[in-house]
Amino acid sequence: MPNSYVYIAIFIYIIIGSIVAYFARKGMKKGLIEYFLSGRSTGGFVAALSYSATTYSAFMMVGLAGFTYSGGVGALGFELIYLAGLSLVAFFGPRFWLVGKEFGYVSPYEMLGDRYNNQWIAVAAAVTACVFLIPYLAVQLMGVGYLMTGLSGGSIPFMVGVIIAAFLAIAWALIAGMRSVTWTDSLQSLIMIVVSVIILFFIIYKHLGGFVGLFGSIKSDYPNFLTVPGPGFFNFKAFLGLTLPWFFFSISNPQVSQRLFIPRSLKAMKTMIKGFLTFGFIYTIVSVLWGFSTKLLIPGLEQADMATPTLLGSEYVPTVLGLIAMVGITAAAISTIDSIMLTLSSLVVRDLFANLGDEENAAQLRIGKIVIIVIALIGLVFASQQLDLIATLSVASSVGLLVVVPSIFGAFFWKKATAAGSISSIIIGSITAIYLQFSGLKPLGHWPGVWTLFVTILVFILVSLFTEPPQEKAEEFVGYLDKKLEEKNIL
Amino acid sequence: MDKNKLDKLRKRWVIFLIVLVLSAYIVPYMFLNHIEKASGAFLYWIIFALIAIFATIKITNYWREE
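Just so it is clear, the model here is predicted, and its values are computed rather than measured.

A. Geometry of the overall build of chain B. Within chain B, the regular secondary structure consists of two helices and zero strands. In summary, chain B has a C-alpha radius of gyration of 16 Å against a globular reference of 11 Å for 66 residues, an excess of more than 25%. Seen through its principal axes, chain B has C-alpha atoms that stretch 50 × 20 × 10 Å. Burial statistics for chain B: of 66 residues in total, 45% are counted as buried. In the form shown here, chain B has an accessible surface area of approximately 3800 Å², with 69% of it arising from carbon and sulfur atoms. For chain B, the distance from the average site of its 9 positive side-chain charges to the average site of its 5 negative ones is 7 Å.

B. Just the overall build of chain A, in detail. Secondary structure summary: chain A contains 23 helices and zero strands in total. Radius of gyration (C-alpha) of chain A: 22 Å, near the 23 Å computed for a compact globule of 491 residues. For chain A, the spread of C-alpha atoms along the principal axes amounts to about 65 × 55 × 45 Å. Considering chain A as a whole, with its 491 residues, one finds that 65% of them fall into the buried category. For chain A, the share of sequence-separated contacts (at least 6 apart) that also reach a separation of at least 24 residues comes to 84%. Working note: accessible area of chain A is about 16100 Å², and carbon and sulfur atoms make up 67% of it.

C. Region of the structure containing the interface of chain A and chain B. Between chain A and chain B, the residue contacts involve 49 residues of the former and 40 residues of the latter. Note on chain A versus chain B: buried area summed over both sides is about 4100 Å², and carbon and sulfur give 72% of it. Inspection of the region where chain A meets chain B yields nine residue pairs in polar contact (both at pLDDT 80 or more). Looking at the side of chain A that touches chain B, the elements with two or more residues in it are helix H5 (74-84), helix H6 (87-103), helix H11 (210-221), helix H12 (236-247), helix H15 (266-297) and helix H23 (471-488) of chain A.

D. Up close: the packing of aromatic side chains. All names here are of chain A. With the rule as written, the count across this model stands at 49 aromatic pairs over all chains. Relative to Phe413, the ring of Phe92 has its centre 5.6 Å away and its plane inclined at 90 degrees; by these criteria the two rings are edge-to-face. Of the two residues, Phe92 sits in helix H6 while Phe413 sits in helix H20 (residues 405-413), which places them 321 residues apart along the sequence. Measuring from ring centre to ring centre gives 5.6 Å for Phe412 and Phe477, while their planes differ by 50 degrees; the resulting arrangement is tilted. Within this pair, whereas Phe412 is found in helix H20, its partner Phe477 is found in helix H23, the two being separated by 65 residues in sequence. The class of Phe412 is buried, set by a relative accessible area of 5%. Given the relative accessible area of 0%, Phe477 is considered buried. Across from the ring centre of Phe477, 5.7 Å away, lies the NZ or CZ of Arg115, which sits over that ring.

E. Summary view of the side chain of Arg115 of chain A. Structurally, Arg115 of chain A can be placed in helix H7 (residues 108-115). When neighbours within four sequence positions are excluded, Arg115 of chain A is seen to be in contact with Gly410, Ala411, Trp414, Lys415, Pro470, Lys473, Ala474, Phe477 and Val478 of chain A.

F. Layout of the packing of helix H17 (residues 319-352) of chain A against helix H18 (residues 362-384) of chain A. Residue and element names in this part refer to chain A. Close contact between H17 and H18 brings their axes to 8 Å; oriented N to C, the two are set at 130 degrees. Put simply, H17 runs oblique to H18. Judged by the twist between their axes, the crossing of H17 over H18 is right-handed. Facing H17, whose interface residues are Met341, Leu342, Leu344, Ser345, Val348, Val349 and Arg350, H18 presents Gln364, Ile367, Gly368, Val371, Ile372, Ile375 and Ala376. Its residues assigned to classes, the contact of H17 with H18 shows ten nonpolar, three polar and one charged.

G. Main features of helix H3 (residues 44-55) of chain A. All names here are of chain A. Between its first and last C-alpha atoms H3 spans 16 Å; for twelve residues at 1.5 Å apiece the expected length is 16 Å, and the two agree. Burial of H3 is extensive: ten of the twelve residues sit out of reach of the surface. Buried residues of H3: Gly44, Ala47, Ala48, Leu49, Ser50, Tyr51, Ser52, Ala53, Thr54 and Thr55, and no others.

H. Local environment of the nonpolar core. Of all hydrophobic cores here, the largest spans 201 residues; its most connected members are Tyr109, Phe292, Met326, Met341 and Phe412 of chain A together with Trp45 and Phe48 of chain B. Per-element accounting of this core gives the leading share, 20 residues, to helix H8 (residues 119-151) of chain A. Excluding residues within four positions of it along the chain, Met326 of chain A makes contact with Val6, Ala9, Ile10, Leu147, Met148 and Leu151 of chain A.

I. A look at the pattern of salt bridges. Residue and element names in this part refer to chain A. Following the criterion strictly, the structure yields eight salt bridges over all chains and no others. Linking Arg350 and Glu110 is a salt bridge whose minimum nitrogen-to-oxygen distance equals 2.8 Å. Of the two residues, Arg350 is situated in helix H17 and Glu110 in helix H7; the sequence distance between them amounts to 240 residues. An identical accessibility class is assigned to Arg350 and Glu110; each is buried. A salt bridge links Arg259 to Asp185, with the shortest nitrogen-to-oxygen separation between them at 3.6 Å. Of this pair, Arg259 sits in the loop between helix H14 (254-257) and H15 while Asp185 is found in helix H10 (residues 178-207), placing the two residues 74 residues apart along the sequence. Each member of the pair Arg259 and Asp185 is classed as buried. Here the salt bridges share partners, and the residues they tie into one network are Asp114, Lys473 and Glu476.

J. Layout of a nonpolar patch on the surface. Residues and elements named next belong to chain A. Nonpolar side chains collect at one region of the surface, where Ile8, Phe11, Ile12, Ile15, Ile16, Ile19, Tyr22, Phe23 and Trp183 lie side by side and expose about 880 Å² of accessible area between them. No other element matches helix H1 (residues 3-26), which puts eight residues into the nonpolar patch. Topologically, Ile12 is positioned in helix H1. Note on Ile12: relative accessible area 46%, which makes it partly exposed.

K. Region of interest: the environment of Asn489 of chain A. Among the secondary structure elements, Asn489 of chain A is positioned in the segment after H23. Each C-alpha atom, one on Asn489 of chain A and one on Ala75 of chain A, is 36 Å from the other, the two residues being 414 residues apart in sequence. In this view, Asn489 of chain A contacts Met1, Leu6, Tyr62, Trp63 and Arg64 of chain B; residues no more than four positions away in its chain are not counted. In this structure the side chain of Asn489 of chain A is engaged in a polar contact, spanning 3.5 Å, whose partner is the backbone oxygen of Tyr62 of chain B.

Definitions and limits used
- Counting restarts for each chain: residues are numbered from 1 in the order of the written sequence.
- Chain A is the first chain written and ligand 1 is the first ligand written, with later ones labelled in order.
- Only residues with pLDDT of at least 70 are given local features in this predicted model, and only at 80 or more are side-chain atom pairs given and counted; all residues enter the totals for whole chains, interfaces and linings.
- As a rule here, side-chain values come from all non-hydrogen atoms in the structure, and water together with hydrogens is ignored.
- Under the scheme used here, helices are H or I runs from DSSP no shorter than 4 residues and strands are E runs no shorter than 2 residues, and both carry numbers assigned from the N terminus.
- Note that the radius of gyration is over C-alpha atoms, with the globule rule given as 2.2 Å times the number of residues to the power 0.38.
- When accessible area is computed with a 1.4 Å probe and restricted to protein chains, residues below 20% of their type maximum are described as buried, those above 50% as exposed, and intermediate ones as partly exposed.
- Accessibility throughout is a Shrake-Rupley quantity obtained with a 1.4 Å probe, and a residue counts as covered only by protein chains that appear here.
- When charges are counted, neither His nor the chain ends are considered; positive counts come from Lys and Arg and negative counts from Asp and Glu.
- The atom standing in for a charge is NZ when the residue is Lys, CZ when it is Arg, CG when it is Asp and CD when it is Glu.
- Note on definitions: a residue-residue contact is assigned when non-hydrogen atoms from the two residues lie within 4.5 Å.
- Buried area is calculated as the accessible area (1.4 Å probe) missing from two parts once they are joined, with the contributions of both summed.
- We define a polar contact as two N or O atoms separated by no more than 3.5 Å, with the added condition that, inside protein, one atom must be a possible hydrogen donor and the other a possible acceptor, whereas residues neighbouring each other in sequence contribute only through side-chain atom pairs.
- Only rings of Phe, Tyr and Trp enter the pairing, Trp through its six-membered ring, and a pair is recorded when the two centres are within 6.5 Å. The plane angle decides the type: under 30 degrees is stacked, over 60 is edge-to-face, the rest tilted.
- For a ring to carry a charge above it, either NZ of a lysine or CZ of an arginine must fall within 6 Å of the ring centroid while also lying within 35 degrees of the normal to the ring plane.
- Interaxial angles span 0 to 180 degrees and are taken between N-to-C directions of axes, which are lines fitted to C-alpha atoms, for helices over the stretch in contact.
- Between 65 and 115 degrees an angle is taken as roughly perpendicular, under 35 as roughly parallel, over 145 as roughly antiparallel, and anywhere else as oblique.
- A clockwise turn of the near helix away from the far one marks a right-handed crossing, whereas an anticlockwise turn of less than a right angle marks a left-handed crossing.
- Residues are grouped as follows: nonpolar covers Ala, Val, Leu, Ile, Met, Phe, Trp, Tyr, Cys and Pro; charged covers Asp, Glu, Lys and Arg; every other residue, Gly included, is treated as polar.
- Working rule for helices: expected span equals 1.5 Å times residues minus one.
- In these notes, a set of buried Ala, Val, Leu, Ile, Met, Phe, Trp, Tyr and Cys residues joined through side-chain atoms within 4.5 Å is what counts as a nonpolar core.
- Salt bridge, as used here: a side-chain nitrogen of Lys or Arg that lies within 4 Å of a carboxyl oxygen of Asp or Glu.
- Residues with no salt bridge and a relative accessible area higher than 30% make up the patches, which join like charges within 9 Å and nonpolar side chains (Val, Leu, Ile, Met, Phe, Trp, Tyr) within 5 Å.

Okay, here's the thing in structure tokens:
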């Protein structure tokens, strides 16, 4: 398709998104809590849409569709096990929210530092998050780059898409912080879901004889794609290695766990969870069916990641729909990128440089804004390297973030957990994740995610058993929660 | 709700969810690995996810503001 069409579609999207971001700024108040958490007063509907847009990135329609294209139905199991991981939020969500309000936490790691009475935990966790989330962010930028290149038949250079995505994410995070991020996220999540559903129905009914035809063709042409291990990619150990980090995604990834601080009430949080689960269920099935459809229409692609861009640029999809889809996927990427940048910025300000002053301190906000730009630039450099399979890289990032999971469980459920246990598990866990990731080693055939979680839990428990817990703080923290949980019927 | 009742409910739901999630590994890999139809692993995971979604919503439905 002509380049000018792609540019016009992106231009319209930029204008509409920027108008929304501008309106978000109008009602904005001053201060750090307002900037990073939208004043803890987000309504359920916006919180649900924003949570969905932040969680679901370009990975879904590009990476997950690619997984389906190369590995079959295992991709569905993988993503739905992730969705089931949201059941963790039914337990952790209200706990985060309650202590966030009571003790004034802005970042989830600030919460860990305070609970274990040791600021170095927040520092270690924040460093880990930066190390692992920047590749994840780069993967999103690459998604946009691949897409524009694929759609234009190669005539729009990869870096053009990458730079447009980075620029928009910076702008929409800077305009009004969390407020502009959640508002533009809401718009983008609607674009994502509507666009993906329309195109799926179009392709399936126009070219594949409806859903019955789709499954009939898969069954006759690629019968093993309906089973696991199927064509081979999803052998059990790979499946476990992929799903385990993602099951804990909702509490391990700070850009989503921080969202547990923003609803205005428990009712709003309930709406957020329900809305997200509905969105996620539909979006997962759509992305997987998209992968199956591409397998049938354009078999034999060498790079599975190119399945979606190739399909959108092919004769099976009319130009207008292809353009709309491109905007949908770009929206998915940018809504994830700006949230990550905003969260990392809050981690740097609150956890790495915690002694900058009080909440209203303009210095903290100023530094926060500079950090957003710096992070975007690092992501840009990373993306320009064009590292291998997009989906695998994205998963690799969530392996590293697993290292905070035992500390988060311990903070709420184990009074004897100690600061030494937490910090040593975060450091040793991170080293394990990085070592396995870079060496490519899979001891006993198990993937880095499995070993990282195992090592982190082991170190956390063992070190905690032999060191002194912060008794007073644990009593205050858990005692406060116990009282509130009982009052509010929280399981 | 008093603490004992809450603890009991919590335990019950946690066990239910653990079993449910384990089934999402065991059933497709052990029992459905030869069924090359949409009514095999595909359907199982859809049903699994729906149950997980309803369970999660059910747990949040216990909550009350004060």
